[in-house]
Amino acid sequence: MAQCAQSAQEFIQNAFGPMVAVLCSHDAEVLCQKNNLTFVEMVRPFCKLTTEAHIRDPAGQVHSVRNLRIIVNEMNMQPPSPTIARKITNEAVSNAQLPQVAEGNRTNVLSVGNYDLQISPSTPWFEAYRDSFLHTVQIPSDHEFLKHFVACMLVVSTSHADPMDQFIKLSQQQNQHQFNSKTSYPKWFNNNIFKYYVLLHDQVEGDEEQAEGLYKSMKNSFGTHACYLLKINSRPLHTTETAAFTSEQGSLPDPWSQFINKKIDDKEQSDMDLTGTSLTEGPSQTEAFPGKVSEGEPEPAMNSSQSVSSLTRVESEPVFGRPEREEASLIRVESAIEMAASDVDNIDDNSVSAGMPPQVENKEVLPPQSTQPTSATTPTQVFTHPLSPENEDGGRSGSIDELTPPPPTSATQTTAPNVSMMNKLNQRPPSNKPIDGHGACLTPNDRDRLRVFIHEFTVKGLLGYMERQIRILSEQLQSRKGFQRSLFSATKRFFGGSKQGSQSAQTQSSAGVKYPLESPELQMRRLADLAFLVQNYDLAYQSYHSAKREYNNDNAWMYFAGALEMAAVSLFMQSNPQKAFPTHYMESAITTYQGTCKNAQFATRATLLSTEALKARSMYADAAMQFIRMTSEDSDLRSAVLLEQAAHCFINMKQPMVRKYAFHMILSGHRYSKAGQRKHALRSYSQALQVYKGKGWTLAEDHINFTIGRQSFNLKQLDNATAAFKHLLTNDSRQTPPQQAAFLREYLFVFKQQLISAANEGLQVGILPQLPLPVIDKTATQVLLGSAIRVQLPAGKVFASSVNFDQTFRPEDVEKWKDLEDIAVKVSSKQNSLPYNYRPTVQLFSQQTNNGYNPVAVIGESITLEVKFVNPLKIPLVLTDMTIIWKFLPMKYLVENDENPGQQPAMISNEGDSGVKMSLADTVVETQIIPTFILNGNENKIVQLTVTPHQTGEMHIMGVAYSLGTTPPTNTQQAVMDSNRDSQSNNPLQSKNMAKKPSYVSGISVKGRQDLDVQGPRLNTSKTERAGIVYGPDRRLDPIIAPPMPLLQVIFSNFPTSMLCGEVQQITVEFTNIGKCALSKLCVSSKNPEFFTFGLITDLKEATQHVYRTVPKDEQERAYRCSVSELSCVTEIALPDRVLPPGASVSLPMWLRGPETSGRHEVNLLFYYEPVEENDIMRHRVLRHSVVLDTSNSISLRTTAKRGSSSQPNCQTTDDTLLVSLEVENMNQVHDATITEFSIEQVSCVSKQWLLTHLSTSRKSDVKINPREGCLMCLKAQKCKAVQGDFGEEVLFTNVVFSQDQEIDSSRTPCSDFYFWSKGLPPSALSLFTKSSASTPKDILTPDTDTDTSFSMEDSKAKLESAVDVGMTLIVLWKAFVVGDDGNCSVICGQHHVPISVIEQLESSQPLSKPLEQQPPIKFIKQVETYRDEEPSVQTLSQLVQYSLEFTQTINHFFQKSRLCLLPVKLHLHNCCQVKLEVVVNLQNNNPYDSYGADLSNTEAANYYSNNSPASSTDFSWISHTSFNVEIPAQQNLTVQLRACVCKPGLFNLSHISVCVVKPKIVVGGRGKRQSSQDLLDWDMPTEEESPQLIRQRQDGPYLVTVNDALS
């Protein structure tokens, strides 16, 4: 809360003091003029008593008088004219601005809730206004005597020829002025005022003895208490003229500076000029702007007579305003100065004379009001002062802003003023030589004499006089009041009680009754005022309280209001905390002044006094209401000052009301602006902005900022004005588009003026200023290493997708590309680990990428910067000549500076206007310039800017430079249309030199910049970083320019976007090196290598237009041998000479195959290459290509392989033949008319030991499958000897051809390549990429024999599973006939693969649906996990041994000769696995081992020819050994001779035998111990403690024998 320098008691005490008039002779004024002072000015600094004085009240009690202040004024002083009065207060407020000191010393910080307000600690402008109003502007009134002269000083110097005679003349002049003059001013306390005679003596030039003699004569004539000898000017005048001031005088402060009479001319319009225009005159004017802002109504111009008449001295000592007239008849003030006849016409109604000499009497007196005619046509008019109670002009209160002095009457014309008399009265007497400073001839002793003089005058003279007057008035009132009031009351009752008809004792006025000067009511007021002046507040309160009742009864409202006002003040000045301040007194006084009496001046005074008392009692709410009540339209300055004080009251309450404080500060600032107080208006709005800023009050904030901007501009504070207007543009504005356009134009104009001023002062040379518009989304800034512009290609061709700004950042994609690049680097370096200085390639840097490292760009290649501009306004913005601002530090990476190794390179920048500097920058870095960029209202728009470095070094992108402008409101729509028409200006390839700018760039434009200071990510790794706010570096805008590198450009021709599952297409890929260096080691890395193939270099030389390579069809099946390809995710691209020179291009075929499953698939290809010459800054480069492929269903394959059965004699083995059933189904829907049918062209078998031949189909059959149809075919696979190539493993390709044309060579590209990848590496095995570590699928290679001495559990399991392993894959080559939308038919081809890995297992090219497994119940107790060795499945163990019976199927026997028929049977056993097995053969029907055998009821083989049917034990029986054990080596055969007998003819089943295998037990050896396969595979023999676990083997089919009786 701002505090006043004085307390409330001190303020009230200093506001009222005894008024003393001064009348000096001319010689005394000349004597004082040696000090450049008048006598009044000389004594004013010493008019406050520093000691305590005493006075007695009427009861004889002594009262102390402390710090009494005497108010001294010249007797001839007239109140200022209205214009002068207004300028006095304005100048007082304007000059009381706070000094420019440090912010911390100037303001206090007040924390209220979320607000931290900086409040001024004091308001000196309010105190200056208050003092100026009370002491200078307010005029005396007849309803009170506080501002009436109580005494008069008569001053004569000893240099006068006859001082005593001059004293008498001055006394007569005073008497004449008081009693005979009809002027209204000055006003005297009573008829017998106290006169004090002062003899002024010059210590240097005067005769001291003569002065003493004169002083004695004065004491004899006037009395000791009424005269005084004042000695001054102890320092000679010539000393001051030669040396100005001595060191002693210079060291002393000047006590007269604040009391000097100030001369104010009506013509002075410097700071008080209220006229002007706005910054922008209108929409049509966009270039020229005026320099002033209209803030109020202009003052009426004054003519020369007004200027002359207003040349009066303005006193800073108390002279309470102009009084009301004594009676209704007013005496016209006529100057004693004779006026020239030629100047009579220049005098108007607003002119007033400066003073009145005592020699001239005004002889013309206007008749009393009671005798004046009331008709409007009366020739003699009554002129009333606007501040008097009689003023009834329209009911408006008389304020300073509308004061009108009384004009002369038409009865008598005045004369022109005399210049010498004007100098005598209103100016200081002329001096021979000007003297700077004040009091040059006064020594410290002289100052002490002045202080003693005032003390003697007050204590010995004035206070004694006032004490006597109090006693006399008190006695008179006690004796006269009772009788007069009783008589008056009886008369009033007798005649009806109406005072309005009684004119004998009192008169009516606009404010009520007016009393005669000697009436008891005014005597009571005199007594109260005298008591108040001498600080006897108790007596004063009693007197005021008594008088107010009389005034109220008499309806004397002006007197009543004054008594109420002073009664409340007197009670407050008693400083009795037990007595509450009578707020209702002051409220009634203010209301009466303002409402009934229409006198705003006294209402303002009462408000000032009341609010000080309320604030002293902490009653801020009541004080604020009184301040607000006094605001009106008649005085802007008064309203502004009071509104500001009301705001301070709101903020100083117990619960501060922040928003009310801000609101009233805005109202105060508005009234300050209307009053012409621009500094205070700016300060008030700045205070209010603290509350509204950033709280969502956008419209209020805009109003405040706009006003601050205009006021700052008018005060030449261009920095503040620019900042204020800037806030109107950066925030989310709710203004209308025209208003926003006006804001923008004013901002650009002010900003341009600021730049011009700064340039004239030599500030910010070569540095572009910061612009607020448009807003740049810095987080969305992206940097692309390369050009974002692609050349338009012919139809069917497309560039590799590479990296562009349109791609959406996804962390999983970053990891995918990183893995692909890691694999390519390892393959290229032939190492299993990445190089130590390797970093993944990043071409697009954004907010989501890791920007901790500097981007590495290549010399001669573009760097594209994408910036997102946001226009927060609703109007279009015009940005011209947009470019990137950069700094560049040249460095040579490959060649060292041998000439000057210690010389540091110079920094180069393109910021500036120097022609030489810009030409140098263009040679180093080529910068794109966008001529015009239109940003429509509320639009977010992205612009791409490029720079191309031509030298190695380090670059730093600082920001974006452009010229900001706006279109005129009339051309706004045309500008938008032009913007759309010229959108191609954003093309980076456009020339930067434009011949002519578009027509819409016609408004104001300012060239500036915006910095791209991108903030890095917040660090959160260490404890210190988590505790504080620490951000990491972001170096995306600091690229390093590397030496030349190759640059690969890849163009795909006819790249498909949709395919059928398994469809194969051939496209062309064009590789071009557009860099400056040759490239090598070109390869492509992908996680989908099965999608494409480039083939071998030998295949490229035999490239044909067909997808597959064909050979002539042969009647006999041929087997093609093919080496097993290495499986790797990195495919080397065969280049001629393995190098691609700069500018060279090569086209290679590329085969694509659609994925097996339908849907949408994303395929990523990473092209990797290196320069021929090693580059330390950049070792390799990559090019990305990502494609999305949609696949549709084609065909589906399902196949099963079974062992072929054989019961032929002398058959040693039975596992060399497989029956393969292949089912092909057309998965295309019937309603899909684009594909008519599929044709099976060829079925190829790929295996190391199987050959495929025809079985059920003809060689020349044509297999076609319509939609939703299927085809089942049976093929035969014959085992052969495994092939072994010269350079590694090889496989056999055998073809079963159904086509009538030619045979497809499936062992060549692309068929073989897609086959190898169809069973290639799973995605989890991407690390297995080198040749030495490449794994070959087990369905391609046959396991080796038992030759290795190092085994593992997996090897043991594999040896057992080899019994059912097939290791064969079928390739189905097909064609599809497609009908396009235009009706044209086309043929596409493709291939499908289905592996056959296990015998009697259904395999499918489509994923088989698995039944849902029932989840076990959830257990909340963790169980100990037990390790279980993985064993072969039951299906595998049941097919370890294949057996068959060899016998004679039909036997003729003579049962009559022999009742028993013996049947010889051979049991052939074959060990299908690679380990030795123990086989148990049981011929009995009741198999003792059945309980230990495997349950085959759930296997498919259990359904084959069940051998569990009971046999006839009476007719058939096995003889000899019925159960025996045999051991069969790995992959060996064994034949066992059996015998059976029958006793009668019939059909007998020999299948009732049981062949079981003792289950091998896998033994795990110790760590590091080498074991043999036999140690790992062991089985337990039957013992007494434990029986062996037997696995029954499957049987191929029934073995039936027919026994016939030979006789029949």
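You'll find the structure just up there.
Residues numbered from 1 in each chain as written. Predicted model: local features only at pLDDT ≥ 70, side-chain atom pairs only at ≥ 80, totals over all residues. Heavy atoms only, no water.

Attention shifts here to the overall build of the protein chain. A count of helices and strands for the protein chain gives 34 helices and 63 strands. Going through the 1608 residues of the protein chain one by one, you find that 52% of them count as buried. The long-range share in the protein chain, meaning contacts at least 24 apart out of those at least 6 apart in sequence, stands at 80%. Carbon and sulfur atoms make up 50% of the accessible area of the protein chain, which totals about 74600 Å². (Helix = DSSP H or I, 4+ residues; strand = E, 2+ residues; numbered from the N terminus. Buried < 20%, exposed > 50% of the residue type's maximum accessible area, 1.4 Å probe, protein only. Contact = heavy atoms within 4.5 Å. Areas by Shrake-Rupley, 256 points an atom, 1.4 Å probe, with all protein chains shown as cover.)

Spatially, four strands are ordered 56-54-59-62 in an open sheet, and the strand pairing comes out antiparallel. The open sheet has two edge strands with one neighbour each: strand 56 (1523-1528) and strand 62 (1590-1592). Pairs of neighbouring strands in the sheet enclose a mean axial angle of 30°, with direction left out of account. (Pairing = 2+ DSSP bridges. Axes fitted to C-alpha atoms, helices over the stretch in contact; angles between N-to-C directions.)

For strand 2 (residues 53-56) and strand 3 (residues 62-65), the ladder comprises four bridges, and the chain directions are antiparallel. Directly across from I55, in strand 3, lies its bridge partner H63. What sits between strand 2 and strand 3 in their antiparallel hairpin is a turn of five residues, with G60 showing a positive phi close to 90°.

Turning to the pairing of strand 25 (residues 953-965), a few remarks are in order. Of all 13 residues in strand 25, 11 are buried, a share of seventy percent or more. In terms of strand pairing, strand 20 (residues 877-890) meets strand 25 through 11 bridges, oriented antiparallel. Along strand 25, the bridge assignment pairs I884 with V960. Bridge count for strand 25 against strand 27 (residues 1040-1042) is two bridges, and the pairing is antiparallel. The residue of strand 27 that forms the bridge with E954 is I1040.

Of note, the amide linkage connecting Y185 to P186 takes the cis form, showing an omega dihedral of -5°. Structurally, P186 is set in the loop between helix 7 (163-180) and strand 8 (194-202). The amide bond that connects L773 to the next residue, P774, takes the cis arrangement and shows omega of -15°. Phi is positive for S618, which is not a glycine, with a value near 60°. Relative to the elements of secondary structure, S618 occurs in the loop between helix 18 (600-616) and helix 19 (620-629). Its relative accessible area of 51% is what places S618 among the exposed residues. Positive phi is not limited to glycine here, since K830 has a value of about 55°.

Right, let's talk about the sheet that holds strand 58 (residues 1546-1549) for a bit. Pairing is mixed across the open sheet formed by three strands, whose spatial order is 52-63-58. Among the strands making up the open sheet, the edge pair consists of strand 52 (1450-1453) and strand 58. Sheet twist, expressed as the average angle between the axes of neighbouring strands with direction ignored, equals 25°. Pairing of strand 52 with strand 63 (residues 1600-1605), which is carried by four bridges, proceeds in the parallel orientation.

For helix 22 (residues 678-692), which comprises 15 residues, the first-to-last C-alpha distance of 21 Å matches the rise-based estimate of 21 Å (1.5 Å per residue) to within 8%. Judged by how many residues are buried, helix 22 sits mostly within the fold: 12 of 15 residues are covered. When helix 22 is considered as a whole, its buried residues turn out to be R678, H680, A681, L682, R683, S684, Y685, Q687, A688, L689, V691 and Y692. Against helix 4 (82-94), strand 6 (115-119), helix 6 (124-137), helix 20 (636-651), helix 21 (658-674) and helix 23 (698-714) lie the buried residues of helix 22. Where helix 22 terminates, the next one or two residues include G694, which has phi positive at roughly 70°. (Expected span 1.5 Å × (residues − 1).)

Here the focus is the pattern of salt bridges. Side chains that differ in sign of charge can pair as their charged atoms come close. Inspection of the entire model under this criterion finds 45 salt bridges. Across the pair E144 and R605 runs a salt bridge, and its minimum N-O distance is 2.8 Å. On the criterion of sequence distance, the pair formed by E144 in the loop between helix 6 and strand 7 (149-157) and R605 in helix 18 is long-range, its members being 461 residues apart. Take E144: its relative accessible area is 2%, and that puts it in the buried class. On the accessibility criterion, R605 (0% relative accessible area) is buried. Note that R1198 and E1225 form a salt bridge whose closest N and O atoms lie 3.4 Å from each other. With R1198 in strand 40 (residues 1195-1203) and E1225 in strand 41 (residues 1217-1226), the pair connects residues that are 27 residues apart, well separated along the chain. Of the residues examined, R1198 reaches a relative accessible area of 23% and is grouped as partly exposed. (Salt bridge = Lys/Arg side-chain N within 4 Å of Asp/Glu carboxyl O.)

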